[in-house]
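Below, each chain spelled out in residue letters.
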Amino acid sequence: PYLSSLSLAGFVEEPERKYCFECDSEEQCQEWIEALKRASYEFMRRCLIFYRNEIQKMTGKDPLEQYGISEEARFQLGTHK
């Protein structure tokens with residue numbers, strides 16, 4: 001088996017925390033890495049911003065406005081929480 005050790009940052013409480021993934025091939029390992037990237041907060045935030053803008057273009061309305069969160073910095077492009 002193809003063995004890859006992958007350290008994931010972001011565990012403030014446990015900075016030494018690591019995960020070890022065992023894959024059958026390098027391709028499978030890359031698939032895991034891509035899946036983890038797509039599951040990240042930043043990726044999801046960027047998707048939300050993209051689709052928010054697309055909906056705004058189509059409808060002329062901000063879909064987050066109804067929830068009272070449209071002005072929050074975390075939903076603005078180029079700002080990080």
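Residues numbered from 1 in each chain as written. Predicted model: local features only at pLDDT ≥ 70, side-chain atom pairs only at ≥ 80, totals over all residues. Heavy atoms only, no water.

A. View of the overall build of the protein chain. Counting secondary structure elements, the protein chain contains two helices and two strands. When the elements of the protein chain are put in sequence order from the N terminus, they spell out β-β-α-α. Across the 81 residues of the protein chain, 15% fall into the buried class. Looking at the protein chain alone, contacts between residues at least 24 apart form 35% of all its contacts between residues at least 6 apart. Taken as a whole, the protein chain presents about 6,700 Å² of accessible surface, with 55% of it coming from carbon and sulfur. (Helix = DSSP H or I, 4+ residues; strand = E, 2+ residues; numbered from the N terminus. Buried < 20%, exposed > 50% of the residue type's maximum accessible area, 1.4 Å probe, protein only. Contact = heavy atoms within 4.5 Å. Areas by Shrake-Rupley, 256 points an atom, 1.4 Å probe, with all protein chains shown as cover.)

B. Spatial organisation of the pattern of salt bridges. A complete count under the given rule lists five salt bridges for this structure. Notably, a salt bridge pairs Lys37 with Glu34, separated by 3.5 Å at the nearest N-O pair. Of this pair, Lys37 and Glu34 both sit in helix H1 (residues 26-38), three residues apart, roughly one helical turn. Judged by its relative accessible area of 48%, Lys37 falls in the partly exposed class. Here the salt bridges do not stand alone but share partners, grouping Glu42, Arg45 and Arg46 into one network. (Salt bridge = Lys/Arg side-chain N within 4 Å of Asp/Glu carboxyl O.)

C. Region of interest: the packing of aromatic side chains. Evaluation of the coordinates by the stated rule reveals one aromatic pair. Ring geometry for Phe50 against Tyr51: centres 5.0 Å apart, planes inclined by 80°, an arrangement best described as edge-to-face. Phe50 sits in the partly exposed class, given a relative accessible area of 44%. (Phe/Tyr/Trp six-rings, centres within 6.5 Å; stacked < 30°, edge-to-face > 60°.)

D. Expanded view of the side chain of Arg52. Relative to the helices and strands, Arg52 resides in helix H2 (residues 41-59). When residues no more than four places from it in sequence are discounted, the contact partners of Arg52 are Asp62, Pro63, Leu64, Ser70, Phe75 and Gln76.

E. Examining the confidence of the model for the protein chain more closely. Confidence in the prediction of the protein chain, expressed as mean pLDDT, is 77, and 73% of residues score 70 or more. Element-level mean pLDDT values for the protein chain span from 59 in strand E1 (residues 2-6) up to 89 in H2. (pLDDT = per-residue confidence, 0-100.)

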